[in-house]
Amino acid sequence: MKFQPLISNRTLWVAATLFVVILGMLSGSRFAGLFPTLTSNPDSVDVSYGYFIDNTNSHILSYVHESAIFRYVENPNQIPWELGSKSYWVKVDVQNLESEHRHLTLYFDTPMIDRLNIYQFNHEGKEINRWRLGDSIERGYTLGDMPPAVNFMMDGFERSELYLHVYSEGFPAMPIWLMEQHDYHTLTQLLHTVWGGFAAIMLAVGVYTFAVYVSLRERVYLVYAGYVGVSMVLLGAVHGFGIYLFPPAIQIFFSNNTVGLTFCLFLLSLLFAHLYLRVHKVQSLLRQVVNYALMVLLGLTMISFVIPEYVSATFLIAIQPVFYALIGVLVWRRWAVAKKWSPMFTFSWIPLVIAGVFPPLLVTGNIEYTLANRYAFMMGHVLTAMLMAMALAERFRQQREESVYQLTHDTLSSSPNVNVLSLVVDQLIDRNNEFTLCCFQIDRFNSLSPYMSVKQKQYFVGEVCNRLHAALNCDAVKVLEGRYRDKHRIACIKEGLFGFVVLSTNKEKIDLLLSSAMDEVDHYVELSDLSIRTQGTIGSSEFPKDGATTDVLLRKAMQAVAETSPSDKRFNAYDSLNSFNRTMNMSLVSDLKRAIENDELDLYHQPQIDLRTGSIHGSEVLLRWEHPKFGQVSPEVFVKLAEEVGLINNLTLWVIKRAFYQQSKLIELGFSRRLSINVSASDIAIPNLVDKIADIAEQYHVPTGTLSLELTESTMVSDYDRLHEVIDRLSQYDIEVSIDDYGTGYSSLTYLSQLPFTELKIDRSFINSLTNSPRKQNIVRATTEMAKSLGLMVVAEGVEDLETASVLKRYGVDIAQGYHYSRPLSFSQYLLYLKRTSLNMPVSVKRPNKFGTQPG
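Residues numbered from 1 in each chain as written. Predicted model: local features only at pLDDT ≥ 70, side-chain atom pairs only at ≥ 80, totals over all residues. Heavy atoms only, no water.

## Here we look at the pairing of strand E3 (residues 87–96)
Burial runs high along E3: 9 of the 10 residues are buried. Note that strand E1 (residues 45–54) and E3 share 10 bridges and pair antiparallel. The residue of E3 that forms the bridge with tyrosine 49 is valine 92. The pairing of E3 with strand E8 (residues 159–167) spans 9 bridges and is antiparallel. Pairing of tyrosine 88 across the sheet is with valine 166, part of E8. (Buried < 20%, exposed > 50% of the residue type's maximum accessible area, 1.4 Å probe, protein only. Helix = DSSP H or I, 4+ residues; strand = E, 2+ residues; numbered from the N terminus. Pairing = 2+ DSSP bridges.)

## Side note on the sheet that holds strand E9 (residues 177–180)
As a general point, the strands of a sheet are linked pairwise by backbone hydrogen bonds and lie either parallel or antiparallel. As summarised here, the arrangement of the 3 strands in space is E7-E4-E9, forming an open sheet in which the pairing is antiparallel. For this open sheet the edge positions go to strand E7 (149–154) and E9, each flanked by a neighbour on one side alone. Averaged over all pairs of adjacent strands, the angle between strand axes in this sheet comes to 30 degrees, irrespective of strand direction. Examined bridge by bridge, strand E4 (residues 102–107) and E7 share 6 bridges and lie antiparallel to one another. Of the residues in E7, the one forming a bridge with tyrosine 107 is alanine 149. (Axes fitted to C-alpha atoms, helices over the stretch in contact; angles between N-to-C directions.)

## With respect to helix H29 (residues 827–836)
Within H29, the full set of buried residues consists of Phe827, Tyr830, Leu831, Tyr833 and Leu834. End-on, the buried residues of H29 take up no more than an arc of 160 degrees, which puts them together on one face. For H29, the secondary structure elements touched by its buried residues are strand E17 (602–610), strand E18 (616–627), helix H20 (648–668) and strand E26 (825–826). (Arc of directions from axis to C-beta. Contact = heavy atoms within 4.5 Å.)

## Some thoughts on the sheet that holds E3
Taken in spatial order, the 6 strands line up as E2-E1-E3-E8-E5-E6 in an open sheet, and their pairing is antiparallel. Strands at the two margins of the open sheet, each flanked by one partner only, are strand E2 (71–73) and strand E6 (127–132). Pairwise comparison of adjacent strand axes, ignoring direction, gives a mean angle of 20 degrees for this sheet. Bridging between strand E5 (residues 115–122) and E6 involves 5 bridges; their strand directions are antiparallel. When the bridges of E6 are listed, asparagine 117 appears paired with arginine 132.

## Here's the deal with the packing of helix H4 (residues 219–239) against helix H6 (residues 258–276)
In contact at an axis separation of 9 Å, H4 and H6 are set at 155 degrees when each is read in the N-to-C sense. Here H4 lies roughly antiparallel to H6, going by the angle between them. Every pair of crossing elements has a handedness; the one defined by H4 and H6 is left-handed. Counted together, Arg219, Val220, Val223, Tyr224, Gly226, Tyr227, Val230, Ser231, Val233, Leu234, Ala237 and Val238 of H4 and Thr258, Leu261, Thr262, Cys264, Leu265, Leu268, Ser269, Leu271, Phe272, Leu275 and Tyr276 of H6 form the full contact between these two elements. The residue inventory of the contact of H4 with H6, partitioned by class, reads 17 nonpolar, 5 polar and 1 charged. (Parallel < 35°, antiparallel > 145°, perpendicular 65-115°, else oblique. Left-handed = near helix turned anticlockwise from the far one by under 90°. Nonpolar A, V, L, I, M, F, W, Y, C, P; charged D, E, K, R; others polar.)

## Points about the packing of aromatic side chains
Working definition: an aromatic ring pair is given by the centre-to-centre distance plus the angle between the planes. Here the structure, examined in full by the defined rule, presents 21 aromatic pairs. For the pair phenylalanine 323 and tyrosine 324, a centre-to-centre distance of 5.4 Å together with 65 degrees between the ring planes defines the contact as edge-to-face. Accessibility expressed as a relative area gives 5% for phenylalanine 323, which makes it buried. What links up through ring pairs into an aromatic cluster is the set Phe52, Phe70, Phe121 and Tyr163. Sitting over the ring of tyrosine 604, arginine 624 keeps its end group 5.8 Å from the ring centre. (Phe/Tyr/Trp six-rings, centres within 6.5 Å; stacked < 30°, edge-to-face > 60°. Lys NZ or Arg CZ within 6 Å of the ring centre and 35° of its normal.)

## Quick word on the pattern of salt bridges
Following the criterion strictly, the structure yields 23 salt bridges and no others. When the shortest N-O distance is used, the salt bridge between arginine 658 and aspartate 599 registers 4.0 Å. Here arginine 658 is found in helix H20, whereas its partner aspartate 599 is found in the loop between helix H18 (576–597) and E17, with 59 residues between them in sequence. Judged by relative accessible area, which is 44%, aspartate 599 ranks as partly exposed. Here aspartate 691 makes a salt bridge to arginine 729, at a shortest N to O gap of 2.3 Å. (Salt bridge = Lys/Arg side-chain N within 4 Å of Asp/Glu carboxyl O.)

## Remarks on the nonpolar core
Looking at soluble globular proteins, one finds that nonpolar side chains tend to be buried together. Within the largest apolar cluster, 79 residues are counted, with the highest numbers of intra-cluster contacts made by Tyr224, Leu270, Phe272 and Phe345. Mapped by element, the contributors of at least two residues to this core are E9, helix H3 (181–216), H4, H6, helix H7 (285–304), helix H8 (309–334), helix H9 (342–355) and helix H12 (376–408). Residue contacts for tyrosine 224: discarding those within four places in its chain leaves Val205, Thr209, Phe272, Thr384, Ala385, Met386, Met388, Ala389 and Leu392. Counting 67 residues, the second-largest nonpolar core is a separate cluster that includes Ala595, Leu651, Leu675 and Phe766. (Core = buried A, V, L, I, M, F, W, Y, C linked by side-chain atoms within 4.5 Å.)

## Side note on the pairing of E4
Taken across its 6 residues, E4 has 5 buried, putting it largely inside the fold. Where E4 meets E9, 4 bridges bridge the pair, whose relative direction is antiparallel. Bridged to leucine 104 within E9 is glutamate 180.

## A word on the state of the cysteines
Going through the model one piece at a time under the given rule, you end up with 0 disulfides. The closest cysteine sulfur to the non-disulfide-bonded cysteine 438 is located on cysteine 439, 7.7 Å from its own sulfur. (Disulfide = S-S within 2.5 Å.)

## So, H3
Taking 1.5 Å of rise per residue, 36 residues should cover 52 Å, and H3 covers 52 Å from first to last C-alpha, within 8% of that figure. The positive-phi residue at the C-terminal boundary of H3 is arginine 217, with phi of around 60 degrees. (Expected span 1.5 Å × (residues − 1).)

## What to know about the side chain of serine 615
Secondary-structure assignment places serine 615 in the loop between E17 and E18. Side chain to side chain, serine 615 and threonine 613 meet in a polar contact 2.7 Å long. (Polar contact = N/O pair within 3.5 Å; in protein donor to acceptor, adjacent residues only side chain to side chain.)

## Observations regarding the confidence of the model for the protein chain
Should pLDDT be low for a region, the predicted coordinates there are not to be read in detail. On average, residues of the protein chain score 81 in pLDDT, and 86% of them are at 70 or above. This stretch, residues 1–8, has a pLDDT under 50; its non-local contacts, to residues over four places away or in other chains, come to 18 contacts. In the predicted structure, residues 841–856 sits below a pLDDT of 50 and forms 45 contacts with residues beyond four places in sequence or in another chain. (pLDDT = per-residue confidence, 0-100.)

## Quick word on a nonpolar patch on the surface
A cluster of nonpolar side chains, Phe253, Ile303, Phe305 and Val306, forms an exposed patch at the surface whose accessible area comes to about 380 Å². One can find valine 306 in the loop between H7 and H8. Taking relative accessible area as the criterion, valine 306 reaches 69% and is therefore assigned exposed. (Patch = residues over 30% accessible without salt bridge, like charges linked within 9 Å, V, L, I, M, F, W, Y side chains within 5 Å. Areas by Shrake-Rupley, 256 points an atom, 1.4 Å probe, with all protein chains shown as cover.)

## Comments concerning unusual backbone geometry
Omega for the bond connecting phenylalanine 543 with proline 544 falls within 30 degrees of zero, at 10 degrees, which places this linkage in the cis form. Secondary-structure assignment places proline 544 in the loop between strand E15 (536–543) and helix H17 (550–562). Although it is not a glycine, serine 44 adopts a positive phi angle of roughly 60 degrees. Relative to the elements of secondary structure, serine 44 occurs in the loop between helix H1 (10–31) and E1. Even without glycine at this site, aspartate 599 takes up a positive phi of about 55 degrees.

Below, the structure written as structure tokens:
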């Protein structure tokens, strides 16, 4: 993946942060003696300070020098600096108490002062020097002005006056130090080193974060890169070192709009927290509050660029506690959702929050001005930037771990999925280790699943998995995954189907293990008011006997599951011969579809004989298929196959069309006989089935009254309402409806009494050996009497001898069919059969149905 080289791990980020902290501490202790002492009253110099406040901003230098009344203070920190549109004049009286020349520096460290004009007068009151150090556009910056200071020379015992004219739309407070010039140069070099280190770290973090954004295209990284950039711009303006990064005009703009930059920093911080903690992913009141807060901050940012700084600064001071409170609420409310990376996010704010206290305390004079205090905010930003980058890396690591977990685990059972199982099996195959791959399927899961909620299903599957895992908790079963939470020995292949690997091919050991697993799983799970018995079936395949690839082994194990009968045995090993037969059957699907489309099937007729007259009453059409490769395929095979793959309706319609076509030929030749066609339960669901039959009959000019549809008993319980509707419609067209294979399925007097059947067909199992079984004789006699009482015609199939036919005739059975009369005949053979028996014309034996009939 292309982003992997960009995302450092947590250890690397922790090491980098600790390295910076330790390096800073060592550097501070090593070079602490190099920093000169900052003082407003150096040795061997007599200094006094006075201030005068010009509330009108109208006084000029001459007036201040000659007439202004100054108030003297012992230290310039005592000057009452305040926000507002007014000017401050500071008078500094300096006298060299030594006889030697002195090179002194007046150091201010206030790069944001709009106007800082300095005038030097000698002891005679004559102006001898003038400097302009403010950041207003009328002067501009030069590199030599950083940090801001003025250098001047004094002879031995010389006295001099310096007047400082200070004006700023922001907070005008500034420290004033007087030091030896060489000490100032040392200080300058050290401050440039501090600033250079800060800029290098911030640039590295910003570039790295932006590179991650380019790779991942996640907005949180772009926002954080913007946050780092604005932080560097803001601190560059506050400390004046931004002149090294930007042209003077741009740096002056930034310096004059530090409040706006601070609002922008707040905006990016809140937006970053909003994205980092995924508040934008949920619809909630908190999300709306954050959106409104972002809009407010955006508005304040834009306004602060056009109003005076001392006005916008009041808004900044007022909104600061609200901002920090909102960040705290965000972390608190989203802690549970993002608990894996929230602690790092929270911890990363600590250095910035602590360091953020120093600037206002320095400006208001509540703490002593030192270089450590002055640059504490900058150092806090450095640590926060690195910790936040580390938090982002940790967040990404956790997200990637969660993504991998979701890709490799089933959400319902929390077990590894088929990808993990395949990987483990691949490894075993590569090492050429013999093993058995097993598939466990929860019985009736697909039928139970629609009636369970997600939580119920999760609990149900979890209970089964826990019991199965407990039964398989042994060294013989391969551990599939052990990196997350617990060790897993089972993997979810799909809902309700699980796989595991036994590191053996010993049949006895495997049978013993699987038998104990089935016993362990067999129990009851309580779901609300339901009590569900959990059972399962297991299929297995062996390596290398059954295959040499994961896909083949898994497929064969699933085939073994499909071939396992829950009522017979509960686990089954893959059988290559049985699988070959099923595979061959499945290969017949396309051939069967083609045979239906190309009329490559045949209809055979088994004559049905009227027992009273011995004439041919009609025939039952039977389907035959002569496969070009496999020869004669049994109807039990391809009809069942047609039902499994959804071709049964097409097959039935083909039979009806071919039967009507042959019936039309028989009618043309003068043989009008009844035609019986078998239909299945799925055929009843064919849309407009009766209309289609009527259309086919009309197409071939065949009377619908010569047709009888035979329904198996299982058809009656598939969809009673639909069946009733179809039979009613068939009776309108005078089409007879027969109950086929009566006595083998779901017969009941309710169906016989409520549905308008016209015929009852006794199954051959009751006819075989009828003469030798008094019990069967009683059943056939009672069934016939019942059918007669309901007005139904009775048909017996499977008549093999004359003695059986005589008994059936004596009981009152109307129609008989079987090998005693004829085997199933092809259409041409059936036609010859009719011609040979043409002297025996059929006599109608149709009994009046109590529901009546309406010819169509």
